[in-house]
Structures are given as C-alpha cells and as structure tokens.
Amino acid sequence: MLVDCHTHIWLADQQLTPEFIREAQLMRSDPVDMTTTPEQHWAAQAEVDKVVVLAFESTHLGIHVDNDFVAGYCRQHPEKLLGLAGVDPYWPDPVAEIERCKHGLGMKGLKMSPIYQGFHPMDERAVRIYAAAERLGMPILFHQGTTFPRRAPLKYAHPEQLEEVALAFPKLKFWIAHFGHPWYEETVCLIRKQPNVFTDLSALWYRPWQYYNILMCAQEYGVLHKVFFGTDFPVATVADTIDANRRINEQLEGTRLPRVDLDQIERIIARNPLEILEME
Ligand SMILES: [Zn+2]
C-alpha cells in the first residue's frame, strides 16, 4: 500500500494569486512548476494506491481552491482519491460548511493553515472548527511551520502552539505537514506525547542536510512510527520523494555520523495513514 497523504490541485491562474505563484519560487533552489490541474495530478499519481487531495482556502492571502472543485475531482475516482476540505476561521459560519463537506460532498477531513490564514491556533473562531471536526470524526491536516508568502505571519506557525489543541480535543486526530519545519524538534516533542498527533515528511528531502537531521531527531526520540508519507505535489513527486528518502545516508559517506534506519524509512513508505486516521 502506497498512500500520498499530502497533494494539491488548483487552477493556478484562477484560484491562486500572481503574488503567491511568484513567491513560491522561494521554496526550492530549482524552479517550481506550480501548475497542477486535475489531469496533471491524476497522471502524476499513477503509481500510488490512495491519494489525499487538499482544498486550500485563505481569505488572508486571497487564495480559494474551493471544496466543490476538490470534491468534484475526488468523485471522479472515489476508489483512490480522498478530499480534505478547506475551512477558514474568518468565514461567518465555517461549521455549516464542514457539515456540507462531510455529508454533501463526501470529504474526509480538513486542511487548516494558521500561517496562511492568519489566525492563532487557539483563536476561538478556530476552536469551534476543531469541536466540529472532533464530533464528525474528520482529521485535520495543519500546515504548522514556516512558508514563503511575505504576508504569512510566522507568529502563528509554531508546532508547539498545537499542544493546546491536542489537550482540548483529545479525540481529534491531526497531523502536522512537513514536520513543522524548521521547528521539527517541537513537532517531535508533540507527536511523542500526544497519541492522536502525527506528522508528514512531504517537501523536505530537497534540503538534504536539514532533512537528515529531522529524521535523526525523530529516530532518537523514537517517533518514526508516527510519520506519514507524502509529496506536497506539485512541489515534489512520488518517485523523487521515495528515492531521496532511500538515499538519505549517502551524504554521510566517509564519515562516522549515525545513519537513519532505512528499515524505518520503508515502514513509513508502506504505512497506511488512512487507517490510522480512520478516514476510510
Ligand atoms: Zn502542501
């Protein structure tokens, strides 16, 4: 079983902003092609068994990859695609939209991004969303970590800020995208002690030295069993991500530095987060 727990689709010229597309080039040293139409996404996921597809809503940044768009694509391939709904705490009635996404559109969870959406993770407008997600059994993917847009506030981006969410909603399952980079130590601390909090390794491998340190930190704290496989497509592909993970120790050649346990890497690649998150 190969599950990609973190992928995007959008119509870049309609649903993103020119500013966002321009700033996205800060992500990697190589140019990033930000086009990911449903057709391109489907072709890129050929070798994957199940794929999580994210809506992406940010009133703060003017981005609207809406729930009907993502759910419509997922309905074309229901045996393989699972949609997560974008929900913004600044909307007047986000809970009604969550109910509609669950019961009307068949979406399986939520995507939230305090840094992209400009809210503190414990803002009372967000807390009502967590309560609804816990009640409806919808896990949340948090982008909790840094990102590139100039206007995205770092003060809301620390993984440690999700500790209060985990304590207030102990039955809510959630995962932190990209190990919460660059604050991966906070993410490791959190997932070690919160049973229903996890992380994904997407879009990290192209900073190989940082990524080696992330994996070693997770290994030494004994939390690699709480890591999910993902790509952040179109930022990276399945083949690149698997290959780079299997080759993580090559940069250590000629040194006595400790190695990442490659058996654990294979277990991450084979893991089924949908079962763990009860999304199936
Ligand atoms: Zn992403």
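In the block above lies the structure referred to throughout.
Residues numbered from 1 in each chain as written. Predicted model: local features only at pLDDT ≥ 70, side-chain atom pairs only at ≥ 80, totals over all residues.

Here the focus is the packing of helix α5 (residues 94-104) against helix α7 (residues 124-136). Taken N-terminus to C-terminus, the directions of α5 and α7 make an angle of 25 degrees; their axes are 9 Å apart at the nearest point. By the angle between their axes, α5 is roughly parallel relative to α7. In this structure, the crossing between α5 and α7 has a hand that is right-handed. Residue-level inspection shows P94, V95, I98 and K102 of α5 in contact with α7, the latter providing R128, I129, A132, A133 and L136. When the residues that make up the contact of α5 with α7 are grouped by side-chain class, the tally is seven nonpolar, no polar and two charged. (Axes fitted to C-alpha atoms, helices over the stretch in contact; angles between N-to-C directions. Helix = DSSP H or I, 4+ residues; strand = E, 2+ residues; numbered from the N terminus. Parallel < 35°, antiparallel > 145°, perpendicular 65-115°, else oblique. Left-handed = near helix turned anticlockwise from the far one by under 90°. Contact = placed C-beta atoms within 7 Å. Nonpolar A, V, L, I, M, F, W, Y, C, P; charged D, E, K, R; others polar.)

Running from N to C, helix α9 (residues 184-193) and helix α10 (residues 208-220) point in directions that differ by 25 degrees, and their axes come no closer than 10 Å. Relative to α10, the element α9 lies roughly parallel. With respect to the hand of their crossing, α9 and α10 are arranged in right-handed fashion. Together, Y184, E185 and V188 of α9 and I214, C217 and A218 of α10 make up the contact between the two elements. Taken together, the residues that form the contact of α9 with α10 break down as five nonpolar, no polar and one charged.

Before going further, it helps to examine unusual backbone geometry. Each neighbour pair has its own omega, and for H181 with P182 the value is 0 degrees, a cis peptide bond. One can find P182 in the loop between β8 (174-176) and α9. A cis amide bond, omega 15 degrees, links F233 with the succeeding residue P234. Mapped onto the elements of the fold, P234 is located in the loop between β10 (227-228) and α11 (238-246). Of note, H178 is a non-glycine position whose phi angle comes to about 55 degrees, a positive value. With respect to the element layout, H178 can be found in the loop between β8 and α9. In this structure, E278 takes a positive phi of about 55 degrees despite not being glycine. As for its position among the elements, E278 is in the segment after α13 (273-276).

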